[in-house]
Amino acid sequence: MEDPIKSVSAGFFEATFAKLGLLRFDWIRKRRLKKKLQENRIKFPKGFRSTSRLMADIQADRDTTVRLPMAIGARKSETSDEWKL
């Protein structure tokens with residue numbers, strides 16, 4: 001018979017390390033987003049970047065790409081699906 005305390009503690013540590021890994025990836029993605037949104041290029045005269053371009057830059061799904069810019073203080077365009085810091 002398996003020890004219940006051992007299996008609960010193993011599950012706790014597994015979930016904790018998975019969460020830490022996700023937090024690390026989010027931190028890296030936030031840095032990339034901030035860098036991309038602060039760039040001033042001729043191609044982006046108003047400073048806005050599309051959600052699809054940001055998705056490709058940070059290699060994340062759409063939900064993550066919408067969540068992370070809000071976390072770093074970016075604002076969404078009122079007229080289109082673009083972001084600006």
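Residues numbered from 1 in each chain as written. Predicted model: local features only at pLDDT ≥ 70, side-chain atom pairs only at ≥ 80, totals over all residues. Heavy atoms only, no water.

Caption draft 1: Looking closely at the overall build of the protein. Check the secondary structure of the protein and you find 3 helices and 3 strands. Sequence-ordered secondary structure for the protein, helices as α and strands as β, is α-β-α-α-β-β. The 85 residues of the protein split such that 24% are buried. Put simply, 57% of the contacts in the protein that link residues at least 6 apart link residues at least 24 apart. Counting every atom, the protein has about 6,600 Å² of accessible surface; 58% of that belongs to carbon and sulfur. (Helix = DSSP H or I, 4+ residues; strand = E, 2+ residues; numbered from the N terminus. Buried < 20%, exposed > 50% of the residue type's maximum accessible area, 1.4 Å probe, protein only. Contact = heavy atoms within 4.5 Å. Areas by Shrake-Rupley, 256 points an atom, 1.4 Å probe, with all protein chains shown as cover.)

Caption draft 2: How the structure looks around the pattern of salt bridges. Within this structure, the stated rule accounts for 4 salt bridges. With a closest N to O distance of 3.3 Å, R67 and D26 form a salt bridge. In this pair, R67 is assigned in helix α3 (residues 62–71) and D26 in helix α1 (residues 4–38), connecting sequence segments 41 residues apart. Ionic pairing is found between D81 and K76, a salt bridge with its closest N-O pair at 3.3 Å. Ionic contacts of the salt-bridge type, sharing partners, join the residues R62, K76 and D81 into one network. (Salt bridge = Lys/Arg side-chain N within 4 Å of Asp/Glu carboxyl O.)

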